Amino acid sequence: MMFEAACSSYQFPLGTPVSVGKRKTPDSLDYKYTVTSRGRDGKEVTSIIYVTVPDADRNHPEFTEVVR
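Residues numbered from 1 in each chain as written. Predicted model: local features only at pLDDT ≥ 70, side-chain atom pairs only at ≥ 80, totals over all residues. Heavy atoms only, no water.

**Digging into the overall build of the chain**
- Scanning the chain for helices and strands turns up one helix and four strands.
- Helices and strands appear in the chain in the N-to-C order α-β-β-β-β.
- If one aligns the C-alpha atoms of the chain with their principal axes, the spans along those axes are about 40 × 20 × 15 Å.
- Burial statistics for the chain: of 68 residues in total, 31% are counted as buried.
- Contacts in the chain between residues far apart in sequence, at least 24 positions, make up 29% of those at least 6 positions apart.
- Accessible surface computed for the chain: about 4800 Å², of which carbon and sulfur atoms make up 50%.
- The distance from the centre of the 9 positive side-chain charges to the centre of the 9 negative ones in the chain is 7 Å. (Helix = DSSP H or I, 4+ residues; strand = E, 2+ residues; numbered from the N terminus. Buried < 20%, exposed > 50% of the residue type's maximum accessible area, 1.4 Å probe, protein only. Contact = heavy atoms within 4.5 Å. Areas by Shrake-Rupley, 256 points an atom, 1.4 Å probe, with all protein chains shown as cover. Lys, Arg positive; Asp, Glu negative; His and termini not counted. Charge placed at Lys NZ, Arg CZ, Asp CG, Glu CD.)

Following this line, the structure appears as structure tokens:
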């Protein structure tokens, strides 16, 4: 899965993807994942995770940003 390939080495757990959108740009394919996880207080938290796959290297997706 693209999400795991890009985010598995991130220092903190990012959550479980519940939806994904993608768009093509002139240089890449960009993914926007909506993920759920548990906050420090135990409540469910929704975050947005952005992943980019450069055209030059389709086999190496890059984690780019998390928005909480």
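**Some thoughts on the packing of aromatic side chains**
- The full count for this structure, using the stated rule, is four aromatic pairs.
- Ring plane angle 65 degrees and centroid distance 5.0 Å describe the contact between Phe3 and Tyr33, whose orientation is recorded as edge-to-face. One end of the pair, Phe3, is in helix α1 (residues 2-7); the other, Tyr33, is in strand β2 (residues 28-38), and 30 residues separate them in sequence.
- We classify Phe3 as buried; its relative accessible area is 6%.
- You can call Tyr33 buried: its relative accessible area is 4%. (Phe/Tyr/Trp six-rings, centres within 6.5 Å; stacked < 30°, edge-to-face > 60°.)

**A closer look at the pairing of strand β1 (residues 16-24)**
- Pairing of β1 with β2 involves eight bridges; the strand directions are antiparallel. In the strand pairing of β2, Ser19 is matched with Thr34. (Pairing = 2+ DSSP bridges.)

**A short note on the confidence of the model for the chain**
- Mean pLDDT over the chain stands at 91; residues scoring 70 or higher make up 100%.
- Predicted confidence in the chain is weakest over strand β4 (residues 62-67), with a mean pLDDT of 90, and strongest over β1, with 96. (pLDDT = per-residue confidence, 0-100.)

**Some points on the pattern of salt bridges**
- Within the structure shown, the criterion is met by two salt bridges.
- In this structure, the salt-bridge partner of Arg23 is Asp30, at a minimum N-O distance of 3.4 Å.
- Two residues, Asp55 and Lys24, come together in a salt bridge whose shortest N-O distance is 2.8 Å. With Asp55 in the loop between β3 (44-54) and β4 and Lys24 in strand β1, the pair connects residues that are 31 residues apart, well separated along the chain. (Salt bridge = Lys/Arg side-chain N within 4 Å of Asp/Glu carboxyl O.)

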